[in-house]
Amino acid sequence: GAVVSQHPSWVICKSGTSVKIECRSLDFQATTMFWYRQFPKQSLMLMATSNEGSKATYEQGVEKDKFLINHASLTLSTLTVTSAHPEDSSFYICSAQNSERSGIQYFGAGTRLSVL
Amino acid sequence: LAKTTQPISMDSYEGQEVNITCSHNNIATNDYITWYQQFPSQGPRFIIQGYKTKVTNEVASLFIPADRKSSTLSLPRVSLSDTAVYYCLVGDRNSGYSTLTFGKGTMLLVSP
């Protein structure tokens, strides 16, 4: 149980375009979802916390107008990287926490974004 | 959020028991200790969670002393496929967000 699906797993885009990444909890309702960013050989860095039906809470230094997060339902959160640039190239990972509040986060497989 | 300290890397051989210790000196009363495993280019995977004493599941054991200022993840009889980065996180699982801060983790390399 507790499966999180993230799509796409890999995307290449041109500089200036926007990319949408989807995160779905398949077998549980996720009241809270998280978006992380990970550069090579580094740890995960939390970008934002997404709660269903409300605005996301962004970490310091993360531009909310560039990284648009929508958590429209209890099973789906999306991250849109707007006007992507090469420096946005990274590994983006989502996670979901179920309503039981066990504190355990279940992670998606990640999305490798390459901006040319 | 309690800060954690782990060894940057560890080496082991197949079939050995591996113990990875994490220090969290300023752990709060409501904080739980959670360990994740991450393979390259994949999202982290939950391994085990505990509050005190010992917790065991099908893949690992977690030992937490009475003062809770540290914890040890024990992997019995590791195999090559256990080569990964292991993260120790501490946070209040009952908080509204339960955001956890990932440290640098421990890179475990298992050799034949």
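Scroll up to find the structure this text is about.
Residues numbered from 1 in each chain as written. Chains lettered and ligands numbered in written order. Predicted model: local features only at pLDDT ≥ 70, side-chain atom pairs only at ≥ 80, totals over all residues. Heavy atoms only, no water.

*Asks:* Lay out the packing of aromatic side chains with the relevant residues and their values.
*Replies:* Within a pair of aromatic rings, the relevant descriptors are the distance that separates the centres and the angle that separates the planes. Applying the stated criterion across every chain, the model contains 10 aromatic pairs over all chains. Judged by centre distance (5.0 Å) and plane angle (50°), the rings of B:Tyr32 and B:Tyr51 are tilted. Highlighted residues: B:Tyr32 in strand β3 (residues 31-38) and B:Tyr51 in the loop between β4 (45-50) and β5 (53-56), separated in sequence by 19 residues. For B:Tyr32, a relative accessible area of 18% gives the class buried. An aromatic cluster of at least three residues, connected via ring pairs, comprises A:Tyr36, A:Phe107, B:Tyr36, B:Phe46, B:Tyr87 and B:Phe102. For the cation-ring pair, B:Arg68 lies above B:Tyr51, with the distance from its terminal atom to the ring centre recorded as 3.9 Å. (Phe/Tyr/Trp six-rings, centres within 6.5 Å; stacked < 30°, edge-to-face > 60°. Helix = DSSP H or I, 4+ residues; strand = E, 2+ residues; numbered from the N terminus. Buried < 20%, exposed > 50% of the residue type's maximum accessible area, 1.4 Å probe, protein only. Lys NZ or Arg CZ within 6 Å of the ring centre and 35° of its normal.)

*Asks:* Please give an account of the interface of chain A and chain B that cites residues and values.
*Replies:* Counting residues at the interface gives 23 residues for chain A, matched by 19 residues for chain B. Seen at the junction of chain A and chain B, the total is 0 salt bridges. Summed over the shared surface of chain A and chain B, the number is 6 residue pairs in polar contact (both at pLDDT 80 or more). When residues of the side of chain A that touches chain B are traced back to their parent elements, those giving at least two are β4 (30-38), β5 (45-51), β9 (90-98) and β10 (105-107) of chain A. With 4 residues, β4(A) is the single largest residue contributor to the side of chain A that touches chain B. (Contact = heavy atoms within 4.5 Å. Salt bridge = Lys/Arg side-chain N within 4 Å of Asp/Glu carboxyl O. Polar contact = N/O pair within 3.5 Å; in protein donor to acceptor, adjacent residues only side chain to side chain.)

*Asks:* Tell me about the state of the cysteines, and please be specific about residues and values.
*Replies:* This structure, assessed with the given rule, holds 2 disulfides over all chains. Disulfide pairing is shown between A:Cys23 and A:Cys94; the S-S distance is 2.0 Å. The sign of the S-S torsion, about 80°, decides the handedness of the disulfide formed by A:Cys23 and A:Cys94: right-handed. Linking A:Cys23 in strand β3 (residues 19-25) with A:Cys94 in strand β9, this pair joins segments that are 71 residues apart in sequence. Judged by its relative accessible area of 0%, A:Cys23 falls in the buried class. Assessed through its relative accessible area of 0%, A:Cys94 is described here as buried. A sulfur-sulfur distance of 2.2 Å marks the disulfide that ties B:Cys22 to B:Cys88. Because the sign of the S-S torsion sets the handedness, a value of about -80° for the bond joining B:Cys22 and B:Cys88 places this disulfide among the left-handed ones. In this pair, B:Cys22 sits in strand β2 (residues 18-23) while B:Cys88 sits in strand β8 (residues 84-92), placing the two residues 66 residues apart along the sequence. Accessibility assignment for this pair places B:Cys22 and B:Cys88 in one class, buried. Lacking any disulfide linkage, A:Cys13 is separated from the closest cysteine sulfur, that of A:Cys94, by 18 Å. (Disulfide = S-S within 2.5 Å.)

*Asks:* An account of the pairing of strand β9 (residues 106-111) of chain B is needed here, citing residue identities and associated values.
*Replies:* One face of the sheet, then the other: side chains in a regular strand alternate in exactly this way. All names here are of chain B. In β9, alternate side chains face the same way, and those of Thr106, Leu108 and Val110 are buried while those of Met107, Leu109 and Ser111 on the opposite face are not. Strand direction decides the pairing type here: strand β1 (residues 9-13) and β9, joined by 5 bridges, are parallel. Each residue of the ladder has a partner; that of Asp11, found in β9, is Leu109. Relative to β9, β8 is paired through 3 bridges, and the arrangement is antiparallel. Each bridged residue has a counterpart across the sheet, and for Val85 the counterpart in β9 is Met107. (Pairing = 2+ DSSP bridges.)

*Asks:* Break down the sheet that holds β3(A) for me, with residues and values.
*Replies:* Residue and element names in this part refer to chain A. Taken in spatial order, the 4 strands make up an open sheet running β1-β3-β8-β7, and their pairing is antiparallel. Where the open sheet ends on each side, the last strands, each with one partner, are β1 (4-7) and β7 (67-73). Between one strand axis and the next, the sheet turns by 15° as a mean value, whatever way the strands run. Sheet topology note: the β1/β3 ladder contains 4 bridges and is antiparallel. Residue pairing in the sheet places His7 in a bridge with Glu22 of β3. (Axes fitted to C-alpha atoms, helices over the stretch in contact; angles between N-to-C directions.)

Purely geometric numbers; function is a separate question.
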